[in-house]
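Structural characterization, general
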Amino acid sequence: MIVHRRLLQLSGAVRAPMAACAGLGLAVSAAHVGQALLLAGALAALARGDHDTTVTLLAWAFAVIAGRAALLWVRETATVRAGALIRARLRDRLIERLGLLGPAHLTEARTGSVQTTVVDGVEGLDAYFSRYLPQVVVTFCVPVALVGWLFTVNAAAATVLAAAVIGVLVIPRLWDVTLLRRGRTRWTAFADLASDYLEAVQGVATLRAFGASGRLGAGLAARAHDLYTTTMRQLRVSLIETGVSAFLVQAGTVAAVLVAVSATSPDAWSVFAVLMTTTECFRPVRQLSEYWHAGYLGITAVGGLEDLLSAEPAVTDTGTRTTFPDRPEIVFDRVTFTYPGASAEAVHEVTLTIRAGETVALIGPSGAGKSTVAALLQRHYDPGSGNITIDGSLLADFTLSGLRAGIAVVAQDTYLFHGTIADNLRLARPDASDADLERAARDADAHGFISGLPDGYATVLGERGTTLSGGQRQRVAIARALLVDAPVLLLDEATSHVDVHGERALARLKKGRTCLLIAHRLSTVRDADRIVVLEQGRITETGDHDALTTAGGSYHRLLALQETRA
Amino acid sequence: MTASPMRWLARTVGEHRRAFASTLVSHLLGQLAALGIAVTAAWLVGHAVAGRTTPLDAFAGILAGLVLVATLATWWETYVAHDLAYLLLARLRGEVYDAIARISPSRRLGRRSGDLSATVLSDVETLEWLFAHTLAQSLTAGTVLTLGTALAVLLDPRLLVVSLPVTVCVLTLPLWSRRMSRRHGEELREATAELAADVIDTVQGMRELTAFGALERRRAMLAERTRRLARVQAANAGRGGLEAALLDLLVAAAAAGTLLVVATLVRSGDLPLAHGPVAMVLAAGSLGPAVQVALLLKEYGTLRAAAGRVHGLVTAPAEVSPPSDGPAPAPAPDVVFEDVHFRYSADGPEVLRGVSFTIPHGKTVALVGRSGAGKTTCVSLLLRYWDPDRGRILLGGTPLDQIADLSSHVTVVPQDVHLFAGTIGDNVRLGAPSADPAPALARAQLTLDPDTMAGERGVMLSGGQRARVAIARALAVDAPVLILDEAIANLDPENEARLADALEVAARDRATLVIAHRLSTIRRADHIVVLHDGRVAEQGAFEDLIADSEGHLSRLFRLRSPEVSDEPGSERWLDQAKQALCRIRYPGDRPAGQH
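Cut-offs and rules
- Residues numbered from 1 in each chain as written.
- Chains lettered and ligands numbered in written order.
- Predicted model: local features only at pLDDT ≥ 70, side-chain atom pairs only at ≥ 80, totals over all residues.
- Helix = DSSP H or I, 4+ residues; strand = E, 2+ residues; numbered from the N terminus.
- Buried ≥ 20, exposed ≤ 12 C-beta atoms within 10 Å, placed from the backbone.
- Contact = placed C-beta atoms within 7 Å.
- Rg over C-alpha atoms; globule rule 2.2 N^0.38 Å.
- Domains from an automatic or database assignment.
- Nonpolar A, V, L, I, M, F, W, Y, C, P; charged D, E, K, R; others polar.
- Axes fitted to C-alpha atoms, helices over the stretch in contact; angles between N-to-C directions.
- Parallel < 35°, antiparallel > 145°, perpendicular 65-115°, else oblique.
- Core = buried A, V, L, I, M, F, W, Y, C linked by C-beta atoms within 7 Å.
- Pairing = 2+ DSSP bridges.
- pLDDT = per-residue confidence, 0-100.
- UniProt positions renumbered as here; feature names shortened; annotations may be inferred.
- Expected span 1.5 Å × (residues − 1).
- Bend = angle between axes of the 7 residues up to and from the residue.
- Left-handed = near helix turned anticlockwise from the far one by under 90°.

Moving on to the overall build of chain B. Looking only at helices and strands, one finds 23 helices and 10 strands in chain B. Overall, the C-alpha framework of chain B stretches about 115 × 50 × 45 Å when taken along its three principal axes. Residues counted as buried form 55% of the 595 residues belonging to chain B. For chain B, contacts bridging at least 24 residues in sequence account for 80% of all contacts bridging at least 6.

The following block contains the structure:
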C-alpha cells in the first residue's frame, strides 16, 4: 500500500470526487457486512430451529444484495467519472508544463519517454487515484470497525482477528520504500524502451536503407529482456508483500474460527458471526491488492511526472508587457551565452542593432552561433550576460506569449503536424478564413503546388506518399509567417531550401518588418541593410554588401567561393 | 489475419509449456487448498453448532497445513505467472518491432501510421493481464467449480437447485455482452493510440507551437482527445460496472438462495444440521474462482482489441519478399532501370509508367523533374523499400530482389535526414558497424568529435551538421552505388564547395544517382534524366539538353509558371530572376500527390 506524498498533492484538485468514491466504497462494504450479518443471523436461527426468522432474515439479505448491486453500479460510474477528471487535469498540467519548459527542454528529453509519461503514466495514475486511494480508506475503516464490534460478541476470536488485521495492514509497509524505488527503476526502463521503439519506428526507412534494422532490433530485444529482468526484480519484492498478506488472511481466518469453535459451549450466533466477519474483514484487503495491480504502473510513473513537473524552465515568464511595438528596434548589447552543461561559450559579447524596418543578415559557418542568436531572440534561453531589448524594453519584460506573438519565425526545417495542409497553415492564425489562407499561400508562392495536391488544402500530409520537398515545406513556413503578420521577422537559415519562388515570397514577407535574417546562402543576403559575420561566437565583420566586398574579409572570401561554384 | 488473435496468443503461451503448467498446477493447488480451508472450517463450525465434539487439535493441524499450502501455492503461482507473462511481453515486443521493420516504410500509409504503430507497445503491456491473470485461472476455476459441484451432489443433489442456474448465468454473462465489449475495447485502443500519436506530434513540434503561440490551442485539442477517451471509457465502464454488479448480485443471491435450500432440507430432516455449513460452502462457495474470471473477462474487449492490434501487426505481410538466390552482382556494377512501373495503391494513379535509364559505374546521373514526377519513387525502389509492379531494376546484372545484402551495395543520403540519439560516431557507423567514423567524417567535411551527442533526431546539431553526418554515414558504407537526394541543400557556401569536391571524388568509383534542384549540381552530372509524369521525357548531357530550347530541361528552367502572380517582367524582378537562375534552383513545383 503506497500513499505517495507527491501524488497526494497532485490529487488536491479532485479531492471531492475521490471522497465520493471512498464514500461509495464504504457504503458497498457496509452492504457486504450487512449481508454477512444477516446470513450469520439466518444460520444461527436455522441452528436454533427458528425457521421463520431464517426466512425473514434471508428476505432482508436479498434486499441488501439488490441494494448493493445498485450501489456497485453507481460506484463504478462515479469512479470512472472521477478518473476522467483526474486524467484530464493531470495531463493538461503536464502539457502546460511542457510548453513552459519549451523547446530548450526537449533537446534533452526523449519524445517516447515524454509520451509514455503523458499517456500511459497518466492512464495508470487514474486507477491509483480513483480506485486505490479510496480503497485505502475503506481498508482502514472497515476491518477496524468490524473487529471493534466483534469484541462485543466474541472477545477471544476478536483478539486473534485484530492481530491478523494489524499484521496485514502494517507488515507490508516495511517493503514500501524498496518497492517504490524499484518501481521507479522499472518505469525508467519502460520509458527508455518506449523512446527507443519510437525512434526506431520513426527512423525505420533509414534503418532499412542501411541494413541496420536487424541489428537495432537485436539491441531492442536485449533492452526488452532487461526490462523483463527489472520487472521481475521489482515483482520479487512485491510478491513478498503478497505472500505475507495471503498468509495472514488465511491464517487469521482459520485461527479466529478455531478460537470461536473451541469455546466450551459455542453459541451458534457467535460462531457464525465470527465466520462471516472474518471474511468481510479481509475482503477490502483483497480488493486493495487488486487495485494495487491496476494502479501500480501509475505509481511507478511518479518518477517521470516528477521529472517533468520539477524541471526548471530555461526562462521564467514573469514579464507583464503584452503589447508588442510596431516596427521595433532590436538591440543585442554585449550578449554572451553558454548552453547549460556546455563548457564553451556559444556566443561571446555579441552587439548588434536592427533598426526599425531594417533587415540585418547574420552569416557565418555552421556552428558559429547563428542559431543561438535566434534562440536568444525568441527567448528560449536568457543570456548569461548582456541584454537584448526591443524598443528599449528587455525581452524579459514581455510575457512569453506576447513576445513570441510579436516574432514570426521561418525556420530551417519546418515541422508539419499530422493533419491537413490548411490545419498546418492555421497554426499561425486559427481564425484565418479560407480566403486568408489562399492569399497567404499565393504570396508565399505555395498556392500552385497546394492546389495540385490530391485534395488541395484539405490534403492530409504524410499519408499515402504525399510528402513535400524541402522547398515546398519552406514556402508553407513562409505562408505561416505571412498569416501571423508579426512586426518582427526571424528567418533562421530559411533560405537553405529556397528557390526563386521562395526568394520572392521572402522579399514580400520582409516588407515593412524588422528582420533578422540568418543565412549561409549569400544570395539572399546581398540586399540586407547590414551584414554581420559571426565566427566562433564572435562578430568579426559588420557592414553592407558593398562595404564588406571592398573590405576583402571573410564575407568577401565566402562570396568568392560561392560565385565560383555557381 | 489467419487465425483469431486470441487463439494465436494461446498458442504463443503454449510454447512455454513448462512455465504454463507450473502456473496451472500451483494455481489449482492454491484454489483447492482455499476450498479445503473453507470446507474444513465450515465442517468444524457445523459440528460445533450442532453440539458435537470434534478433535480440535487434529483439525488445527490440518488447517495449518492447508494455510501453508494455500500461501505457498499462491505466492509461487503469482511468481511464475508473472515471470511467464513478462517473458512473453518481451518476446512480443521483439516480434512487433520485427514486424514494423518488415512492413515499413509502407507504400500506402504515412508517418502517422508509424507513430500509431509505436503505441502498440502499450497494447503489448495490456496483455500482461491475459497471460498472468486469465488463462490458467479460467482452467482452474473450471476444475474447482466441477469438484465443488460434484461433492455437493454427493451430499444432496437438491443443494444445486439455486447455485447451478446461477453458475450458468455467471459463466455466460461475459458472452452476452461480448459484442458490445469488443466494440468498446476497439474504440478504447483507438482513442488511446490517437492521443499518444498527438502527444508525440506535440513534443516534436514544440518549437513551432511556441513560436506561433499555438500551445494553448494544442492543449485544448489534447484535452478534447482526453475527453473523447473518457467518453469511451465511461461507456465501457457503464457496461463493465453493470456486469460487475450483476455478478455480485448473482453470487450473493446464490449464497442466500442456497442457505434457503439448506434451511428447507434441514427442516425436512433430509440434511443433518452439522452438514449445513459445508453444504453451503460447496454449493455456493466454489463459485468464487469462476466469478474472479468472469470479473476479469468484463474487460475482454480491451484485451481482445490489444491482442488484435498486436496480432495484426505481427502477421502483416512484408512489403518486399526476402531476397531469392541470384548471381552475385558484377564488380563495378551499373544500375539499370528497365521499364519500371509503380503505383502506391491498387486504385491509385501510376506514378512510374515505364521508366528506363542506366547509371553507369563511375558516372553521376542527375534525376530531374517537377515535384511528383517520380524522382523520390525511383530512389525508394532502388533502395528496395518496395518492388516495381512491372519491369525490374538490375544492379551489376542481378535483379535487386536477388541481392542478399542490398544495403552494402546501395547507400543513400536521404532528403529527410533521420539521425538517432547517440553519438555522431554511432550514427556514422549505422550501415558499417566496424567502420572508423573519423575518416568518413573528414571526407564529409565535418570536424566534430565523433563522440559528440547527436540528440534525438539530431536535435543537438545544426541542419548543416546533420546533413554532413548523413553524408559521412553513406560514405562509411563504401557501397558501389550512391544516392544523393537533395543532399547539400543545408550547407553554407564554404562547406558546400568542399563537400562538392569530396563527393566528386567519391563518385569516381561509384555509380551515383543525384536528385538535384540546383542548376550547379545538375550541370556537374555526367548524364541527365528528365522525368515527366512518370516517364523519361528526355535524357542526355546537360549541354545537349539545354541546347534544345523547347526541350523539357530548358522549359523546366525557364521562369514561367502559373504561380507567378506579381510584377513579372518588371526590371527588378527580371534581374532577380536572372541572378536566381544562376545560383539557386529551378522553379519546378507543379503539384502532385505522390512522388
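For the rest of this paragraph, the subject is the overall build of chain A. Helices and strands together make up the secondary structure of chain A, namely 19 helices and 10 strands. Computed over the C-alpha atoms, the radius of gyration of chain A is 34 Å, more than 25% above the 24 Å expected from 2.2 N^0.38 for a compact globule of 566 residues. Across its three principal directions, the C-alpha atoms of chain A cover 115 × 55 × 50 Å. Put simply, chain A has 566 residues, and 58% of those count as buried. Contacts in chain A between residues far apart in sequence, at least 24 positions, make up 78% of those at least 6 positions apart.

What follows is about the domain arrangement of chain A. If you check the domain split of chain A, you get domain 1 (5-310) and domain 2 (330-565). Taking the mean C-alpha position of each, domain 1 of chain A and domain 2 of chain A sit 53 Å from one another.

Listed by partner, the interface residues are 147 residues for chain B and 138 residues for chain A. The leading source of residues in the side of chain B that touches chain A is helix α11 (residues 215-267) of chain B, at 29 residues. The class makeup of the residues in the side of chain B that touches chain A is 79 nonpolar, 43 polar and 25 charged.

All names here are of chain B. Running from N to C, helix α1 (residues 5-14) and helix α14 (residues 300-314) point in directions that differ by 80 degrees, and their axes come no closer than 9 Å. Of the possible angle classes, the one that applies to α1 and α14 is roughly perpendicular. For the pair α1 and α14, contact is made by Pro 5, Met 6, Trp 8 and Leu 9 and by Arg 304, Ala 307, Gly 308 and His 311, respectively. Looking at side-chain class alone, the contact of α1 with α14 contains five nonpolar, two polar and one charged residues.

Now for the nonpolar core. Counting 375 residues, the largest nonpolar core has Leu39(A), Leu161(A), Leu517(A) and Leu259(B) as its most contacted members. In terms of residue count, α11(B) provides more of this core than any other element does, 25 residues in total. Ignoring anything within four residues of it in the chain, the contact list for Leu161(A) reads Val147(A), Leu150(A), Gly252(A), Ala256(A), Thr278(A) and Cys281(A).

Our focus in this paragraph is the sheet that holds strand β2 (residues 350-359) of chain B. Residues and elements named next belong to chain B. Taken in spatial order, the four strands line up as β2-β1-β4-β5 in an open sheet, and their pairing is antiparallel. Across the chains shown, the open sheet's two edge strands, defined by having one partner strand only, are β2 and β5 (398-399). In this structure, strand β1 (residues 335-343) lies alongside β2, joined through seven bridges in antiparallel fashion. When the bridges of β2 are listed, Val 336 appears paired with Thr 358. The sheet strands contacting helix α15 (residues 375-382) are β1, β2 and β4 (390-395), and the helix crosses β1 at an angle near 115 degrees.

So, on to the domain arrangement of chain B. Taken domain by domain, chain B consists of domain 1 (5-314) and domain 2 (415-478). Averaged C-alpha coordinates put domain 1 of chain B and domain 2 of chain B at centres separated by 49 Å.

Residues and elements named next belong to chain B. Scored by pLDDT, chain B comes out at a mean of 84, with 90% of its residues at no less than 70. Residue range residues 559-595 is modelled with pLDDT below 50. Its contacts to residues more than four positions away, or to other chains, number 80 contacts. With a pTM of 0.84, the predicted complex shows an ipTM of 0.85.

Our focus in this paragraph is the UniProt feature "transmembrane region" (unreviewed entry) in chain A. The UniProt record annotates "transmembrane region" (unreviewed entry) at residues 57-74, 132-151 and 157-175 of chain A. Between the end C-alpha atoms of residues 157-175 of chain A there is a gap of 29 Å, over a span that is 74% helix and 0% strand.

In this section: the pairing of strand β3 (residues 359-363) of chain A. All names here are of chain A. Of all the five residues making up β3, five are buried; the element is thus mostly covered by neighbouring parts of the structure. As defined by bridge partners, β3 adjoins strand β8 (residues 514-519) across five bridges and the pair is classed as parallel. The partner of Leu 362 across the bridge, within β8, is Ile 518. Strand direction decides the pairing type here: β3 and strand β9 (residues 530-535), joined by four bridges, are parallel. Bridge assignment links Ala 361 to a residue of β9, and that residue is Ile 531.

Turning to helix α4 (residues 111-153) of chain A, a few remarks are in order. Every α-helix winds through 3.6 residues per turn, so residues three or four apart in the chain are directed the same way. Residue and element names in this part refer to chain A. Between the first and last C-alpha of α4 there are 60 Å, a value that for 43 residues agrees with the 63 Å anticipated at 1.5 Å per step. Most pronounced at Gly 121, the bend in α4 amounts to some 35 degrees. α4 sits mainly inside the fold: 32 of its 43 residues count as buried.

This part takes up the sheet that holds β8(A). All names here are of chain A. Spatially, the six strands line up as an open sheet ordered β6-β7-β8-β3-β9-β10, and their pairing is mixed. Edge positions in the sheet fall to β6 (407-410) and β10 (538-543), since each of these pairs with one other strand and no more. In this sheet, adjacent strand axes meet at a mean angle of 20 degrees when their direction is disregarded. Pairing of β6 with strand β7 (residues 488-492) involves four bridges; the strand directions are parallel. When the bridges of β7 are listed, Ala 408 appears paired with Leu 489. Contacts from helix α16 (residues 470-484) reach β6 and β7, with the element oriented near 175 degrees to β6.

Quick look at the environment of Pro55(B) now. Checked against the element boundaries, Pro55(B) lands in the loop between α2 (17-49) and α3 (56-103). Separated by 446 residues in sequence, Pro55(B) and Asp501(B) place their C-alpha atoms 100 Å apart.

Attention now goes to the UniProt feature "domain: ABC transmembrane type-1" (unreviewed entry) in chain A. UniProt feature "domain: ABC transmembrane type-1" (unreviewed entry): in the numbering of this structure it lies at residues 19-297 of chain A. Helix and strand shares over residues 19-297 of chain A are 92% and 0% respectively, and the end C-alpha atoms of the span are 22 Å apart.

The subject of this paragraph is the pairing of β10(A). It is a general feature of regular strands that their side chains alternate between the two faces of the sheet. Residues and elements named next belong to chain A. With five bridges connecting them, β9 and β10 associate as antiparallel partners. Residue pairing in the sheet places Ile 531 in a bridge with Gly 543 of β10. In sequence, β9 turns back onto β10 through a hairpin of two residues, with Gln 536 there showing a positive phi of about 50 degrees.

Here we come to unusual backbone geometry. Phi is positive for Asp445(A), close to 55 degrees, though the residue is something other than glycine. Its place among the elements puts Asp445(A) in the loop between α14 (434-443) and α15 (447-451).

All right, on to the environment of Thr364(B) then. All names here are of chain B. By secondary structure assignment, the location of Thr 364 is in strand β3 (residues 364-368). In the structure, Thr 364 is positioned 18 residues away from Ala 346 in sequence and 33 Å away in space, judged by C-alpha atoms. Ignoring sequence-local partners within four residues, the contact set of Thr 364 consists of Ala 507, Thr 512, Val 514, Ala 525 and Asp 526.

Residues and elements named next belong to chain A. Orientation of α4 relative to helix α9 (residues 268-300), taken along the N-to-C sense of each, is 165 degrees, at an axis distance of 7 Å. When the axes of α4 and α9 are compared, the pair comes out roughly antiparallel. The two elements α4 and α9 meet at a crossing, and its hand is left-handed. Of the residues assigned to the contact of α4 with α9, the class counts are 23 nonpolar, nine polar and four charged.

Residue and element names in this part refer to chain B. Its location among the elements puts Val 281 in helix α12 (residues 276-285). Taking the C-alpha atoms as reference points, Val 281 and Thr 258, 23 residues apart in sequence, are found 9.3 Å from one another. For Val 281, the residues in contact, after removing those within four places along its chain, are Ala 38, Val 39 and Ala 42.

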